[in-house]
Amino acid sequence: MTEILHARAALLDMDGTLVDSTAVVERLWLAWAEPHGIDPETVLRTVHGRQGHQSMAILLPERDHAINLRENEVMLATEASDVDGVIGIPGAEDLLAALQPFPHAVVTSANVALMTARMGQAGLTVPELAVTAENVSASKPDPEGFLLAARTLGIDPADCVVFEDSGAGIQAAHAAGMRVIGIGPHAGAHAPTVHVDDLTHVAVVPTDDGFELRIDGRAGGSGPAD
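Because the structure is predicted, anything quoted here is derived from the model rather than measured.

Analysis parameters
Here the residue numbering is sequential within each chain, running from 1 through the sequence in written order. Thresholds applied to this predicted model are a pLDDT of at least 70 for local features of residues and 80 or more for the giving and counting of side-chain atom pairs; totals over whole chains, interfaces and linings are not thresholded and use all residues. As a convention, hydrogens and water are excluded, and side-chain values are obtained from all of the structure's heavy atoms. Think of a nonpolar core as a cluster: buried Ala, Val, Leu, Ile, Met, Phe, Trp, Tyr and Cys residues, connected wherever their side-chain atoms sit within 4.5 Å. A simple rule labels every residue: compare its accessible area, found with a 1.4 Å probe on the protein chains alone, to the largest value its type can have, and call it buried under 20%, exposed over 50%, or partly exposed in between. Starting at the N terminus, helices and strands are each numbered in turn, a helix being any DSSP run of H or I of at least four residues and a strand any DSSP run of E of at least two. Any two residues whose heavy atoms approach within 4.5 Å at even a single point are treated as in contact. Residues are said to line a cavity or pocket when one of their atoms sits within 4 Å of a point; the points come from a 1 Å grid over protein atoms alone, cavities being sets where a 1.4 Å probe fits but cannot get out and pockets being open sets with protein on both sides within 12 Å along at least five of seven lines. Grid points are joined across faces, edges and corners, and a volume is the space filled by probe spheres set on the points. Put simply, Ala, Val, Leu, Ile, Met, Phe, Trp, Tyr, Cys and Pro go in the nonpolar bin, Asp, Glu, Lys and Arg in the charged bin, and everything else, Gly too, in the polar bin. Salt bridge, as applied in this entry: a Lys or Arg side-chain nitrogen positioned within 4 Å of an Asp or Glu carboxyl oxygen. In summary, the pairing rule links any two rings of Phe, Tyr or Trp, Trp by its six-membered ring, whose centres are within 6.5 Å, and it sorts them by plane angle into stacked for under 30 degrees, edge-to-face for over 60 and tilted for everything else. Only strands joined by at least two bridges in the DSSP assignment are considered to pair. Only the stretch in contact is used when fitting a helix axis, every axis being a line fitted to C-alpha atoms; angles between N-to-C directions are given from 0 to 180 degrees.

A.B. asks: I'd like a description of the nonpolar core, backed by residues and values.
C.D. replies: Leu-18, Trp-32, Phe-163, Ile-181 and Leu-213 are the most contacted members of the largest nonpolar core, which totals 48 residues. Considering every element that reaches this core, the biggest residue donor is helix H1 (residues 22-33), with six residues. The contact partners of Leu-18, leaving out residues within four places of it in the chain, are Leu-12, Asp-13, Ile-87, Gly-88, Ile-89, Ala-92, Leu-96, Val-106, Met-119, Leu-124 and Leu-199. Counting residues in hydrophobic clusters, the runner-up holds 21 residues, among them Ala-9, Leu-11, Val-136 and Leu-148.

See the structure below:
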């Protein structure tokens, strides 16, 4: 059975949604956490989908946040220079090409340098509109980034569909009043509108007032509709 979501704009997370950067993210964050004696499972459960300084604040709640901000700048620079193993999520290139005629944007917790490095390594074109860490005051799960993207595109949040893989990102999308296609093995646990294994299960079909996202019923399954 094919599920259909009607939309006028698509908002796409980057890491875990368009590019698979899991190996480098986990390698660098575990190296950062080791001197602090933080449990690796706690680290990996925390860092995906958030800006680095927010992850640091969660993992080291007693530490001066000014230190987190400084260390996050170092982490971002390190991540941007280490793209070994970063690849596109299956179907990402075709999805971006299919969305080209329609309003769409990347909404990522990465900064411009990191986004550019990872998208380039994966061979993906960055959409004309990209909402990055430089553009927001609050990281996911705050909805600020998604709402900014919708406002900039001139599209009502209810007419936007978000592509996300992380719990923080899915929570942010719901808080923005948007439907969510959850991507990958962990997204289904966070109640997306629809869940797929990867982007090969999503097709874009033009309509008179926007487009349809047709989700292959053989994909990862559906979450509760909202």
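A.B. asks: Help me get a handle on the layout of surface pockets, residues and values and all.
C.D. replies: The calculated volume of the largest pocket comes to roughly 810 Å³. Lining the largest pocket are 41 residues, with Asp-15, His-48, Gly-49, Asp-165 and Ser-166 sitting closest to its centre. Sorting the residues of the lining of the largest pocket by element identifies strand E3 (19-20), H1, helix H2 (40-47), helix H4 (65-81), helix H6 (112-121) and helix H8 (167-175) as the ones contributing at least two each. When its residues are assigned to classes, the lining of the largest pocket shows 14 nonpolar, 15 polar and twelve charged.

A.B. asks: So, empty space enclosed by the protein: which residues are in play, and what are the values?
C.D. replies: One way to see where empty space is left: roll a probe the size of a water molecule over the atoms. Here the structure, examined in full by the defined rule, presents one cavity of 30 Å³ or more. Taken together, Gln-51, Val-107, Thr-108, Ser-109, Val-131, Thr-132, Val-136, Ala-138, Ser-139, Lys-140, Asp-142 and Gly-145 make up the lining of the largest cavity. Here the lining of the largest cavity is built from residues that sort into four nonpolar, six polar and two charged.

A.B. asks: I'd like a description of the pattern of salt bridges, backed by residues and values.
C.D. replies: Per the counting criterion, the structure on display carries eight salt bridges. With its nearest N and O atoms 2.7 Å apart, the salt bridge here joins Asp-82 to Arg-27. One end of the pair, Asp-82, is in the loop between H4 and strand E4 (87-88); the other, Arg-27, is in helix H1, with 55 residues separating them in the sequence. Residue Asp-82 is classed as buried on the basis of its relative accessible area of 18%.

A.B. asks: Summarise the packing of aromatic side chains; cite the residues concerned and give the values.
C.D. replies: Scanning the entire structure with this criterion turns up two aromatic pairs. An angle of 65° between the planes, with centres 5.3 Å apart, marks the rings of Trp-29 and Trp-32 as edge-to-face. Note that Trp-29 and Trp-32 are positioned in helix H1 at a spacing of three residues, about one turn of the helix.

A.B. asks: Lay out the sheet that holds strand E10 (residues 202-207) with the relevant residues and their values.
C.D. replies: On the basis of which strands lie adjacent, the open sheet formed by three strands has the order E1-E11-E10 and antiparallel pairing. Each of the sheet's edge strands pairs with one partner strand only, and the pair in question is strand E1 (3-7) and E10. Neighbour to neighbour, the strand axes of the sheet diverge by 25° on average, direction disregarded. Inspection of the sheet shows E1 paired to strand E11 (residues 210-215) by five bridges, in the antiparallel sense.

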